[in-house]
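Chain and residue survey
Residues per chain are reported as follows:
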Amino acid sequence: MSWRTIYLLIKAYWLGNKPIASALERLSFQRKGSRSSLLSVVIGLMLLVMFVYFSLLLGLNYYSYQTLGLLIDQPLMGLFIASALSFFGLLLFSFTSIHDFLYTAKDILMVRTLKVGDASASLSRLILLYLHYAPLYWFLTLPALVVGSFIQGVSISYVLYSLLYLLFGPILPLCCSVLVALILIGASRGKRFRFLEEIAPMILLVLFIVGISASFTRNLGEDSLLDFQYEAMLATVAPLLTSLLEKLPLFTLQAKQMFSFSSSLLMVAINGIFVLLTSIAVVRTYQANFSKLLSNQSTRSRRKRAYEFKANSQVSALLKRELVVIRSNSSFLFELVGELFIPVILIVVYMLTGVMDEMAVLADTLKDFPFFEQILFLIMLLVANLGMLSSTSVSRQGRMFVYDRLYPVSAAVYVQAKLLLHMCLVGFPNIIYLSLSLLFFGLSLYHLLWMIPLSLTLILLGATLHLSIDYHNPKLDWTLAQQAMKSNTNGLIGLALSFVLEVVVAAFLVLPVLLGLPFIYFAAILCALALLSLRYTYRLVVTQASQALAR
């Protein structure tokens, strides 16, 4: 093992992928060599607002649990919640990508042709795995560290302990994720079980996120963001959290390390032991696991190449190809299934947590609002447009996109296939969600007469905008599948544009009701404007596709 070789491998990966430069380039919505525009500043500000919003949301909820802890003589409750949330969130989020990151990434095949030992190659991948996922851990825990400073105030020791917490915190969940992946590889002899490695972690992660969100929001009061129902929390949440403090000593120890040198030293020792064990396990099994996974991957690739896209038209064949691309990688499937089935997952979680009963009681009050139907429509529209299906559609193809330039197919056909996929997976399920929502709240189904055409038009408009972003500057040179979606700034830009579209639609649907104007006329005007905009955005995305295919 050579530390210089490890450093060169990390440097080569960094220079080859250029994650920061690539993100800034995509954030500016410009290709290399072009000047930045006002649009890049606007999009950057919108992304900053989104980041601040979610940070404040986490911070406020950590504050509520910390205050609850003070009431029950457990002042470290907020830090305990943050430690547990960050651990399980990072564990589930990283698990599906362990195989790709350590063994099957495209750049690993090139590295294996060089005179690089197993120890250097495997340790460099472990370090890259840490660098890739540590920011997510920091995002989840940093608000808790800010809130935790309210306990005894900010001091030099607290800042130093916080830095140690952030530095060593991601190690334990990542090591557990790697060790579980190694056990599965050994048990399956390199054969990948899709349910255990892709579907199950995806379901658990989404249920985990939605469950945490439900537990956070149901404790809010009505007067302000800092108005929490502490009486109800003392009766329902406090006994459970007190029991968890006793049964999960690891997270309690992580919370204590912010104020205790001995606890901090013990956590460093625990992390060091896990790093040592994980490194030894990965190094000693690296060549064997690499061979097993590569052999099974080759077998699957031969089966995929034998697949024929039998269809009656070019659009149908390309539509089937899009589905195969999504199914080809666990990261794509993980991300998209989680986005597309958010309403279903919310309903299941709310039923299990008892929130549905509260919503049924709340529905009787909400139905008295004159614009309740419009709010319901806006919520379903937001759920439909907050996805990365089309904003990363071209990027998911990776280097295989070069074949699109060789096929005798026009750019419009590629665009139509991708838009058709979007409508099949997003547009038509949205109609079902709207219908079920109206039935749940006891509203007339006649609202579907204006909801369905307006919803489909706006979803298609959002899809064309997202697709034009990805055709304008696709991320095709990714080595890890996560870079095509989770780390793709095109997806964030698409989300920002979806928020802008949501605000515009809300202005057309809600303001007329508040001003006492006829709502249906403004809905018709909005639909007409959306259709007119769709005409131009479709031309835009076809133009962007033609330019991308010609490059």
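Residues numbered from 1 in each chain as written. Predicted model: local features only at pLDDT ≥ 70, side-chain atom pairs only at ≥ 80, totals over all residues. Heavy atoms only, no water.

1. Some details on the overall build of the chain
From N to C terminus, the chain includes 22 helices and zero strands. Taking the intrachain contacts of the chain between residues at least 6 apart in sequence as the baseline, contacts between residues at least 24 apart amount to 83%. A total of about 26800 Å² of accessible surface is found on the chain, and carbon and sulfur atoms cover 71% of it. (Helix = DSSP H or I, 4+ residues; strand = E, 2+ residues; numbered from the N terminus. Contact = heavy atoms within 4.5 Å. Areas by Shrake-Rupley, 256 points an atom, 1.4 Å probe, with all protein chains shown as cover.)

2. Structural notes on the pattern of salt bridges
In total, this model carries three salt bridges according to the counting rule given. Residues D404 and R321 are paired through a salt bridge, measuring 2.7 Å at the closest nitrogen-oxygen approach. Placement of D404 in the loop between α18 (372-385) and α19 (411-440) and of R321 in helix α14 (residues 314-327) is noted, with a sequence separation of 83 residues between them. The class for D404 is buried, based on a relative accessible area of 2%. Each member of the salt-bridge network shares a partner with another, and the members are R321, E322, D404 and K418. (Salt bridge = Lys/Arg side-chain N within 4 Å of Asp/Glu carboxyl O. Buried < 20%, exposed > 50% of the residue type's maximum accessible area, 1.4 Å probe, protein only.)

3. Quick look at the confidence of the model for the chain
Looking at the chain as a whole, its pLDDT mean stands at 78, while 77% of the residues score no less than 70. Mean pLDDT in the chain bottoms out at helix α2 (residues 19-27), which sits at 58, and peaks at helix α20 (residues 448-472), which reaches 91. Predicted confidence for residues 32-36 stays below pLDDT 50, and this span has three contacts to residues more than four positions away or in other chains. Below a pLDDT of 50 lies the segment residues 299-307, which in the model reaches three contacts outside its immediate sequence neighbourhood of four places, other chains included. (pLDDT = per-residue confidence, 0-100.)

4. A few points about the nonpolar core
If you look at the biggest cluster of nonpolar residues, it comprises 65 residues, and the most contacted ones within it are Y62, Y65, Y103 and V178. Element by element, the count of residues in this core is highest for helix α7 (residues 118-152), at 13 residues. Setting aside chain neighbours within four positions, we find Y103 in contact with I98, I108, L182, I185, T285, Y286, N289, F290 and L293. Among the nonpolar cores identified, the runner-up in size contains 50 residues, and L381, L456, A484 and V513 belong to it. (Core = buried A, V, L, I, M, F, W, Y, C linked by side-chain atoms within 4.5 Å.)

5. Remarks on the packing of α20 against helix α22 (residues 519-550)
Between α20 and α22, whose axes approach to 8 Å, the crossing angle comes to 25 degrees. Between α20 and α22, the interaxial angle falls into the category roughly parallel. Judged by the sense of rotation from one axis to the other, the crossing of α20 with α22 is left-handed. When grouped by side-chain class, the residues that make up the contact of α20 with α22 number 20 nonpolar, seven polar and no charged. (Axes fitted to C-alpha atoms, helices over the stretch in contact; angles between N-to-C directions. Parallel < 35°, antiparallel > 145°, perpendicular 65-115°, else oblique. Left-handed = near helix turned anticlockwise from the far one by under 90°. Nonpolar A, V, L, I, M, F, W, Y, C, P; charged D, E, K, R; others polar.)

6. So, the packing of α7 against helix α8 (residues 156-168)
For the pair α7 and α8, interaxial distance at closest approach is 9 Å and the crossing angle is 150 degrees. Considered as vectors, α7 and α8 are oriented roughly antiparallel to each other. Crossing hand, α7 versus α8: right-handed. Of α8, the residues touching α7 (which contributes Y130, Y137, W138, T141, L142, A144, L145, G148 and S149) are Y158, S162, Y165, L166 and L167.

7. Concerning the state of the cysteines
Using the criterion set out here, one finds zero disulfides in the structure. Among the cysteines around C176, which has no disulfide bond, C175 carries the closest sulfur, lying 7.0 Å off. (Disulfide = S-S within 2.5 Å.)

8. Some points on a nonpolar patch on the surface
Side chains of L45, L48, F51, V52 and L56 sit close together on the surface and give an oily, nonpolar patch of about 480 Å² of accessible area. Relative to the assigned elements, F51 resides in helix α3 (residues 38-71). (Patch = residues over 30% accessible without salt bridge, like charges linked within 9 Å, V, L, I, M, F, W, Y side chains within 5 Å.)

9. What to know about the packing of aromatic side chains
Between two aromatic rings, the relevant description is the distance of the centres plus the angle of the planes. One pass over the full model with this rule turns up nine aromatic pairs. Ring centres of Y158 and F259 lie 5.6 Å apart, and the angle between their planes is 40 degrees; this geometry places the pair in the tilted category. With Y158 in helix α8 and F259 in the loop between α12 (249-256) and α13 (261-305), the pair connects residues that are 101 residues apart, well separated along the chain. The class of Y158 is buried, set by a relative accessible area of 6%. Ring pairs connect the aromatic residues F80, F87, F88 and F251, which therefore count as one cluster. (Phe/Tyr/Trp six-rings, centres within 6.5 Å; stacked < 30°, edge-to-face > 60°.)

10. Concerning the environment of V49
Structurally, the position occupied by V49 is in helix α3. Taking the C-alpha atoms as reference points, V49 and A496, separated by 447 residues in sequence, lie 9.8 Å from one another.

11. Digging into unusual backbone geometry
It is generally the case that most residues other than glycine have a negative phi and that most peptide bonds are trans. Phi is positive for D73, which is not a glycine, with a value near 65 degrees. Counting through the fold element by element, D73 comes out in the loop between α3 and α4 (77-95).

12. Overview of the environment of L419
Note that L419 resides in helix α19. Taking the relative accessible area as the measure of exposure, L419 reaches 8% and is therefore buried. A C-alpha to C-alpha distance of 9.2 Å links L419 and L319, two positions 100 residues apart in sequence. Excluding its chain neighbours within four sequence positions, the residues that come into contact with L419 are L460, A463, T464, L467 and Y538.

13. Some points on the environment of L532
Residue placement: L532 occurs in helix α22. Separated by 71 residues in the primary sequence, L532 and L461 have C-alpha atoms spaced 9.9 Å apart.

14. Side note on the side chain of S393
Counting through the fold element by element, S393 comes out in the loop between α18 and α19. Overall, S393 belongs to the buried group, its relative accessible area being 3%. Among the polar contacts made by the side chain of S393, one reaches the side chain of K418 at a distance of 3.0 Å. Excluding residues within four positions of it along the chain, S393 makes contact with E322, K418, L467 and D470. (Polar contact = N/O pair within 3.5 Å; in protein donor to acceptor, adjacent residues only side chain to side chain.)

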